[in-house]
Amino acid sequence: MLIVRPLNESIAMLVPILVLLFTGNGEKWRLIASGATVAAILAFSYLIWRTTKYRITDDQVELHTGLLTRKQLAVPRDRIRTVDLTSKPGHRVFGLSAVRIGTGQQDVPGTDGLTLDAVTQEEAERLRVLLLQKGVAPKTASADEPHAEPVLPESEVISRLDLKWLKFAPLSLSGLVAIGAVFGVLSNYADDLGLHPVQDLWEWLFEHPSFTLFGAFLVALVVAGLVLSVPLYILQFWNYQLTREPDGTLRVQRGLLTTRSVSVEEQRLRGVDIQEPLLVRLGKGAKAAAVTTGLGSKGESNLLLPPAPLSVAHQVSRDVLKVDDDPTTRRLRKHPFAALRRSLFRHVVPWVVIAVGLAIWAPSWAWPIPVAIIPFAALVGWDNYRSLGNALDERYLVTRNNSLVRSTVALQRTGIIGWRIQRSFFQRRSGLMTIGATTAAGAGVYHVTDVGESDGLALADEAVPDLLRPFLVGESTAEGQAERNV
């Protein structure tokens, strides 16, 4: 740990150290400050190593840390939902891993469960099996090998990386996200040095407007994003493998420089989310995420499948849910035409307002930009409506929303613990509502957006009988059917 922590921390501290060393006129205080920074990291690493201990009993996992302020964390073993093994480059040099133990309350490091940083990779694997094992008896040693280690049955491979999937890397726009992140970090350090490149560039563009320059900038940005997307995909998903472990868990392993292994109990799985970002969808691709207690919907800890062909995503969904037909492929009921009007209004009107505002208060070249975006916004609004849909089968509620990242969720009906019904002023005038199925897994609530009032209430009542019924009032119609209202 005396070496691993500086290796991992030095990446974040490298920029300020270089700034101290190579700016100015070689003042001694800069050298002293740089050396003091490195010494502080080493001292901090020593204190953490010296004061950190952990213990695993039959009932709980305990972690003791701190020198001046002692901190003791304890997680009951029956509350453990996930075990995440992460090895950064500094860990991998010495064969170590950080073991994050999650209890399913929050999917934010440091706020849920505890982290053992770092243990040997062999110990990390032993802890993963030990902490997640629920009544799975390992094979015992034979009489000829009395001292042999217990051996669990072999894992079942559900999916693994195919190099053909690299064609989806440019469509995921991950390269543009990386460029934005790097640009943001460099801008922050530039601001600390008294430089303001973003502000200076913005002012220069206002003083010298040029559509040619703007177009060249966009082309260069897109090319750089395409070039970076493939290596980023490899860094994130190299050696990707999804397996079903004999101890009743689903395990996702991936990563090139930083390796990660996330294990989730299958009994905590509540469904699957097939996500189709717009460009990936145009390339007939998708990625899959788990809807499970213990993992939130943000970040990539719930990832089951990286961007891959849509057929592979449905195959993974079938195998993970253990069904013959993937529920996310069911034919969905369309939403009323009023939902199209609302979708077009939400996507088009903001750009109209922006164009009018720029026409009044901004230079004459500014307002055509939002005007040119309006047709594309209308297409997105139409596609957003076309994506809306819902369905029910014997086990799952299926709902689909959004356009830029279309999400089709199959949620176990037994995992729904409540309903959240929303009707805005404009929805009430259009006879629409948004019904949210609340659950203890994933995002916590999954919406059926802009559905007809009677259809939405009937859907909720059928999905979980008797849960919503006490709040419904039945009135006989002319046809003898019951029309339900809140």
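Just so you know, these numbers come straight off a predicted model, no measurement behind them.

A. Representation of the UniProt feature "transmembrane region" (unreviewed entry) in the chain within the structure. Per the UniProt record, "transmembrane region" (unreviewed entry) is annotated on residues 7-25, 31-49, 168-190, 210-235 and 343-361. Between the C-alpha atoms that bound residues 31-49 there is a distance of 27 Å. The span itself is 100% helix and 0% strand. Secondary structure over residues 343-361 splits into 100% helix and 0% strand, and the C-alpha atoms at its two ends are 28 Å apart.

B. View of the pairing of strand 9 (residues 249-254). Of all the 6 residues making up strand 9, 5 are buried; the element is thus mostly covered by neighbouring parts of the structure. Bridge count between strand 8 (residues 241-244) and strand 9: 4 bridges; the pairing is antiparallel. Paired with Gln241 across the two strands is Gln253, which belongs to strand 9. The turn linking strand 8 back onto strand 9 is made up of 4 residues, and Gly248 within it adopts a positive phi angle of 80°. One ladder, built from 6 bridges, connects strand 9 with strand 10 (residues 259-265); its direction is antiparallel. In the sheet register, Gln253 faces strand 10, and the bridge partner there is Ser261. Between strand 9 and strand 10, which pair antiparallel and follow one another directly, the connecting turn spans 4 residues, one of which, Gly255, has a positive phi of 115°.

C. Seen up close, the environment of Ser424. Position of Ser424 relative to the elements: it lies in the loop between strand 17 (416-422) and helix 12 (425-430). Its relative accessible area of 31% is what places Ser424 among the partly exposed residues. The spatial distance from the C-alpha of Ser424 to the C-alpha of Thr434 is 8.9 Å, given a sequence separation of 10 residues.

D. Representation of the nonpolar core. With 30 residues, the main nonpolar core has Trp165, Leu242, Leu304, Leu305, Val316 and Val320 as its most contacted residues. Those elements that provide at least two residues to this core are helix 7 (211-237), strand 9, strand 11 (269-277), strand 12 (285-292), strand 13 (303-309), helix 9 (310-321) and strand 15 (396-401). A total of 5 residues in this core trace back to one element, the largest contributor, which is helix 9. Apart from the residues within four sequence positions on either side, Leu304 is in contact with Tyr240, Leu242, Val252, Val272, Ala288, Ala289, Ala290, Val316 and Val320.

E. Inspection of the environment of Thr82 at higher detail. Counting through the fold element by element, Thr82 comes out in strand 4 (residues 82-87). Residues Thr82 and Leu132 lie 50 residues apart in sequence; the distance between their C-alpha atoms is 7.5 Å.

F. Examining the sheet that holds strand 2 (residues 60-65) more closely. Taken together, the 3 strands give an open sheet; going across it, the order is 1-2-3, and neighbouring strands pair in antiparallel fashion. For this open sheet the edge positions go to strand 1 (53-56) and strand 3 (71-76), each flanked by a neighbour on one side alone. On average, each strand axis in the sheet is tilted by 10° relative to the strand beside it, whichever way the strands run. Together, strand 1 and strand 2 form the strand contacts of helix 4 (residues 121-132), whose direction differs from that of strand 1 by roughly 40°.

Thresholds, definitions, all that
- Residues numbered from 1 in each chain as written.
- Predicted model: local features only at pLDDT ≥ 70, side-chain atom pairs only at ≥ 80, totals over all residues.
- Heavy atoms only, no water.
- UniProt positions renumbered as here; feature names shortened; annotations may be inferred.
- Helix = DSSP H or I, 4+ residues; strand = E, 2+ residues; numbered from the N terminus.
- Buried < 20%, exposed > 50% of the residue type's maximum accessible area, 1.4 Å probe, protein only.
- Pairing = 2+ DSSP bridges.
- Core = buried A, V, L, I, M, F, W, Y, C linked by side-chain atoms within 4.5 Å.
- Contact = heavy atoms within 4.5 Å.
- Axes fitted to C-alpha atoms, helices over the stretch in contact; angles between N-to-C directions.

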